[in-house]
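One letter stands for each residue in the lines below.
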Amino acid sequence: MNPVIYHNPDCGTSRNALAMIEASGQTPQVIHYLETPPDRAQLVALLAATGLSPRELLRRKGTPYDTLGLDDPTLDDETLITTMLAHPILINRPIVITGKGAALCRPSEVVLSLLDHPVATFTKEDGEVVHPTPSSSHPPAAE
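## So, the overall build of the protein chain
Line of reasoning, step 1. Helix and strand content of the protein chain: 4 helices and 6 strands.
Line of reasoning, step 2. Listed by position from the N terminus, the elements making up the protein chain come as β-α-β-α-α-α-β-β-β-β.
Line of reasoning, step 3. Its C-alpha radius of gyration of 15 Å places the protein chain within 12% of the 15 Å reference for a compact globule of 143 residues.
Line of reasoning, step 4. Along the first, second and third principal axes, the C-alpha set of the protein chain runs to 45 × 30 × 30 Å.
Line of reasoning, step 5. Long-range contacts, defined here as pairs at least 24 residues apart, represent 59% of the contacts in the protein chain between residues at least 6 apart.
Line of reasoning, step 6. Surface accessibility of the protein chain: about 7,200 Å² in total, with carbon and sulfur atoms responsible for 52%.
Line of reasoning, step 7. Distance from the positive charge centre (10 side chains) to the negative charge centre (17 side chains) of the protein chain: 3 Å.

Given below as structure tokens:
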């Protein structure tokens, strides 16, 4: 299975994750989710695959999160999903799916745990050098 990445090219973390996939010799299916947002079934499937709750997948920075009052703890999952569908910018990224699993790749080096043959070293846009670790055989819990 080729990796699938829900990608925002304006996001450095997303660009780094995509570059790590490509540097590892794989050609991912890139879904520009702001241009082609997931439908309800796809978003629910992404949540299930990553093991995240809708609240855990919400992005706050650079979104209408505060304006929409999404910090209200009484909002249920269905309301949060509906809001993410109406405002895809609220979906945190990048989400990567491979044969090894699915994860919100924040930080971007989480993607290395999802690749069969991760690149040995990678230099991120900011100059930070990352390496896959022995513990990266399973995706860590998303932050």
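From this point on, the discussion continues.
## Some remarks on the sheet that holds strand β2 (residues 29-32)
Line of reasoning, step 1. The strand order β2-β1-β3-β4 describes an open sheet built from 4 strands, whose pairing is mixed. The open sheet is flanked by β2 and β4 (101-104), the only strands paired with a single partner. Looking at each pair of strands side by side, their axes are set apart by 15 degrees on average, direction ignored.
Line of reasoning, step 2. Of the pairings in the sheet, the one linking strand β1 (residues 4-7) to β2 comprises 4 bridges and is parallel in character. Paired with Y6 across the two strands is I31, which belongs to β2.
Line of reasoning, step 3. Against the sheet, helix α1 (residues 12-23) touches β1, β2 and β3 (95-98), its axis set at about 160 degrees to β1.

Parameters and conventions
- Throughout this description, residue numbers start from 1 for each chain and increase along the sequence as written.
- Whole-chain, interface and lining totals are the exception, using all residues; otherwise, since this is a predicted model, local features are given only for residues with pLDDT of at least 70 and side-chain atom pairs are given and counted only at 80 or more.
- Derived side-chain values reflect all non-hydrogen atoms in the structure, with water molecules and hydrogen atoms excluded from consideration.
- A run of DSSP states H or I qualifies as a helix once it reaches four residues; a run of E qualifies as a strand once it reaches two. Both are numbered from the N-terminal end.
- We compute the radius of gyration from the C-alpha atoms alone; for a globule the expected value is 2.2 Å times N to the 0.38, where N is the number of residues.
- Here, two residues are considered to be in contact whenever any of their heavy atoms come within 4.5 Å of each other.
- Calculation of accessible area relied on Shrake-Rupley with a 1.4 Å probe; when residues are assessed, cover is drawn exclusively from the protein chains displayed.
- Two residue types count as positive, namely Lys and Arg, and two as negative, namely Asp and Glu; His and chain ends fall outside the count.
- The location of each charge is read from NZ of Lys, CZ of Arg, CG of Asp or CD of Glu.
- When DSSP finds two or more bridges between two strands, those strands count as paired.
- Axis definition: a line fit to C-alpha positions, over the contact stretch in the case of helices; interaxial angles, taken between N-to-C directions, run 0 to 180 degrees.

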